[in-house]
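Structure at a glance
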Amino acid sequence: MSDTAVTMVVTEPCGPVHPATVGPASPPARWVRVSVAASGVCHADIGTAAATGKGTAFPVTPGHEVAGVIAETGDEVVGWAVGDRVAVGWFGGSCGHCAYCRVGDVVHCPERRIPGLSYPGGWAQSITVPADALARVPDGLDLFDAAPFGCAGVTTFNAVRKAGIRAGGRVAVFGIGGLGHLAVQFATKLGYETVAIARGADREPLALDLGARHYIDSDAQAPGAALKALGGADLIVCTAASTAPVDELLTGLNAHGQLTLVGVDAGAVTVPAAQLVMNGHTLTGHLTGSPRETEEAMAFAVTTGMRPMIERMPLEEAGEAVTRLRSGAPRFRIVLDAARGE
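Residues numbered from 1 in each chain as written. Predicted model: local features only at pLDDT ≥ 70, side-chain atom pairs only at ≥ 80, totals over all residues. Heavy atoms only, no water.

**Quick notes on the overall build of the protein chain**
For the protein chain, the count of helices and strands is 11 helices and 15 strands. Computed over the C-alpha atoms, the radius of gyration of the protein chain is 20 Å, within 12% of the 20 Å expected from 2.2 N^0.38 for a compact globule of 342 residues. Taken across its 342 residues, the protein chain has 53% of its residues classed as buried. Sequence separation of 24 or more characterises 66% of the internal contacts of the protein chain that already satisfy a separation of 6 or more. Summed over all atoms, the accessible surface of the protein chain reaches about 14,300 Å², with 52% contributed by carbon and sulfur. Charge separation in the protein chain, taken as the distance between the mean sites of 25 positive and 33 negative side-chain charges, equals 5 Å. (Helix = DSSP H or I, 4+ residues; strand = E, 2+ residues; numbered from the N terminus. Rg over C-alpha atoms; globule rule 2.2 N^0.38 Å. Buried < 20%, exposed > 50% of the residue type's maximum accessible area, 1.4 Å probe, protein only. Contact = heavy atoms within 4.5 Å. Areas by Shrake-Rupley, 256 points an atom, 1.4 Å probe, with all protein chains shown as cover. Lys, Arg positive; Asp, Glu negative; His and termini not counted. Charge placed at Lys NZ, Arg CZ, Asp CG, Glu CD.)

Here it is in structure tokens:
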């Protein structure tokens, strides 16, 4: 590790993302410094990079899908050593003593930290994080494939496996993008009859290659009605960043079916109470996962051979990556390459 590192920063609201050179400081007690190899670009990073949030402290360094190697440990760090391959995701540390932390639900800790928001994120060659935010990357998983598991991977993995769907049940994934292409693979590898739903016919071949048994073009037909015609879904995982389709999608659920939101916008969902009660439907949201669950998602990927579909871009092109993401161009996850040019 050299004495300086490149960090991508935003220094004013709605300003450009540009490189800065910093000298990484030694981590404080119970924190570690990670030499970053790869850092994913998530839809949530659009808002972080805009840097318009109330109380935003500049400079801002986005990035919460990070994979790399521990470069230095602070005092009181136990179980981790320099050279360990690690990932850090949307979960960036917790208080460790609240009621949620004490039962293992660290994701809902009211003091939970988020890289890029609570402290400088991973669009950099070096990031310093609390040790409890670390997930160990298994042998057999490339760091560029590991990076998206800290957010997109663990989120969709948990959304499918924690729904409690019957063995061999039917799972529909609405939206085949950075989250959805992973959800389709997880549902298929977990043994469910998987239905992929997206706009346009052009994504059908890819969806089927990812393991979907059926494809619904939501431009050509109402997806809820089409699901019902297939026999109904036991679970719908809605990964698109829009709440507008939810009302109609609910009509495609079987009795006792569940619709889980993992992609959201500022909109609202209106559900007829009678429809919810008469069909025993569940409408729920799902937020990320713990480092341990991230490790489980990565281990599952190694075991089953599934991988994220990524597009590499140089770290210095983070601003262009945001522009591409905003336009919906990536197929399907941009991962920034933090390799040094020296």
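From this point, things continue past the structure.
**With respect to the sheet that holds strand 9 (residues 193-198)**
Read across the sheet, six strands follow the order 10-9-8-11-12-13 without closing on themselves; strand pairing throughout is parallel. The open sheet is flanked by strand 10 (214-217) and strand 13 (282-285), the only strands paired with a single partner. Neighbour-to-neighbour, the strand axes of this sheet turn through a mean angle of 20°, independent of strand direction. Bridge count for strand 8 (residues 170-174) against strand 9 is five bridges, and the pairing is parallel. Bridge pairing links Val173 to Ala196 in strand 9. (Pairing = 2+ DSSP bridges. Axes fitted to C-alpha atoms, helices over the stretch in contact; angles between N-to-C directions.)

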